[in-house]
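Chain and residue survey
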Amino acid sequence: WHMECTGIAIKYLGEKLDIHFGAEDAVFPHHTNEIAQSEAYLGHKWCNYWVHLSWLLTGSIKMSKSKGHTTRISDLKNEGYNPLSFRYFIINSYYHKQLNFSFEAMDSADTAYKKLKNKCLALAKDGAVEEETFNKYNNEFKKYLEDDLNTANTITLIYDLLNIIFNYKNPNV
């Protein structure tokens, strides 16, 4: 199945990828084989970065399609969740750390995502950020991403920036 993955990815994603994600159990032999066959076929480096995520759990059990132990995005949508709330749930954790999924955790992520979205929408109506402030936070944002994709800290940074902006423009928000 290594060949199938490589063929499908090259066909639909192209001959150069910046980031290739996969689960931690795919490092060897799956990704090792994908690298060997793709680069032999293409004649050049295929992916700049190979990122290996830890497992998503439910309780203490690894979510696994082969074992029928999954929650799908369609399941979350049927429960009334925005798929972006799930994305928010995921990026609020470190990708090398196992993450425990629950509907209680999804409720928290959904609430936090909506709050963040509403603040960003209000910001769009309220005007621009001063260039100096933007540059400071943009540099911090990049620094966190360069620190092994520390997305949890980027979310905290966004909230900090929004709080500064809203407290400056309207202390009552």
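Look up a bit, the structure's there.
Values in this document were obtained by computation on a predicted structure and should not be read as measured data.

Below, the discussion takes up the pairing of strand β1 (residues 17-23). Pairing geometry for β1 and strand β2 (residues 47-53), over six bridges, is parallel. Looking at the pairing, Gly 22 lines up with His 52 of β2. For the crossover that starts at β1, traverses helix α2 (residues 27-42) and ends in the parallel β2, the hand is right-handed.

As a further point, take the nonpolar core. Judged by nonpolar contacts, the single largest core of 22 residues is most densely connected at Leu 76, Phe 86, Tyr 88, Phe 89, Phe 101, Met 106 and Tyr 159. Broken down by secondary-structure element, the contributors of at least two residues to this core are α4 (83-91), β5 (99-101), α5 (103-126) and α7 (151-169). Counting six residues, the second-largest nonpolar core is a separate cluster that includes Ala 9, Ile 10, Leu 17 and Trp 46.

Moving on, we come to the environment of His 52. With respect to the secondary-structure elements, His 52 resides in strand β2. Sequence separation of His 52 and Phe 28 is 24 residues, and the distance between their C-alpha atoms is 11 Å. In terms of polar contacts, His 52 uses its side chain to reach the side chain of His 31, at 2.7 Å.

Using the criterion set out here, one finds seven aromatic pairs in the structure. Between Phe 86 and Phe 89, the ring centres sit 6.0 Å apart and the planes meet at 35 degrees, which makes this aromatic pair tilted. Separated by three residues within a single helix, Phe 86 and Phe 89 lie in helix α4, roughly one turn from each other. Connected via pairs of aromatic rings, a cluster forms that spans Tyr 81, Phe 86, Phe 89, Phe 101 and Phe 103. Residue placement shows Lys 62 over the ring face of Trp 55; its charged tip is 4.5 Å from the ring centre. The residue whose ring lies beneath Lys 143 is Tyr 144, and the NZ or CZ to ring-centre distance is 5.6 Å.

Quick look at unusual backbone geometry now. Note that the residue after Phe 28, namely Pro 29, is joined by a cis bond; omega there is 10 degrees. With respect to the helices and strands, Pro 29 occurs in helix α2. Despite not being glycine, Asp 148 has its phi angle at roughly 55 degrees, a positive value. If you trace the backbone, Asp 148 turns up in the loop between α6 (131-146) and α7. Exposure remark for Asp 148: the relative accessible area of 31% places this residue in the partly exposed category. Here the phi dihedral of Leu 149 falls at roughly 50 degrees; this positive angle occurs in a residue that is not glycine. Residue placement: Leu 149 occurs in the loop between α6 and α7.

Topologically, His 31 is positioned in helix α2. Note on His 31: relative accessible area 4%, which makes it buried. Ignoring anything within four residues of it in the chain, the contact list for His 31 reads His 20, Phe 21, Gly 22, Ala 26, Trp 50 and His 52.

The next thing to look at is the environment of Asn 138. Tracing the sequence through the fold places Asn 138 in helix α6. Note: C-alpha distance between Asn 138 and Thr 154 (16 residues apart in sequence) is 9.8 Å.

Between helix α1 (residues 2-13) and α2, the shortest axis-to-axis distance is 9 Å and the interhelical angle comes to 55 degrees. Of the possible angle classes, the one that applies to α1 and α2 is oblique. Classified by chirality, the crossing of α2 by α1 is right-handed. Where α1 approaches α2, its residues His 2, Met 3, Cys 5, Thr 6 and Ile 10 are matched on the opposing element by Pro 29, His 30, Asn 33, Glu 34, Gln 37, Ser 38, Tyr 41 and Leu 42. Of the residues belonging to the contact of α1 with α2, the class tally is six nonpolar, six polar and one charged.

Analysis parameters
Residues numbered from 1 in each chain as written. Predicted model: local features only at pLDDT ≥ 70, side-chain atom pairs only at ≥ 80, totals over all residues. Heavy atoms only, no water. Pairing = 2+ DSSP bridges. Helix = DSSP H or I, 4+ residues; strand = E, 2+ residues; numbered from the N terminus. Right-handed = clockwise from strand over helix to strand, strands pointing away. Core = buried A, V, L, I, M, F, W, Y, C linked by side-chain atoms within 4.5 Å. Buried < 20%, exposed > 50% of the residue type's maximum accessible area, 1.4 Å probe, protein only. Polar contact = N/O pair within 3.5 Å; in protein donor to acceptor, adjacent residues only side chain to side chain. Phe/Tyr/Trp six-rings, centres within 6.5 Å; stacked < 30°, edge-to-face > 60°. Lys NZ or Arg CZ within 6 Å of the ring centre and 35° of its normal. Contact = heavy atoms within 4.5 Å. Axes fitted to C-alpha atoms, helices over the stretch in contact; angles between N-to-C directions. Parallel < 35°, antiparallel > 145°, perpendicular 65-115°, else oblique. Left-handed = near helix turned anticlockwise from the far one by under 90°. Nonpolar A, V, L, I, M, F, W, Y, C, P; charged D, E, K, R; others polar.

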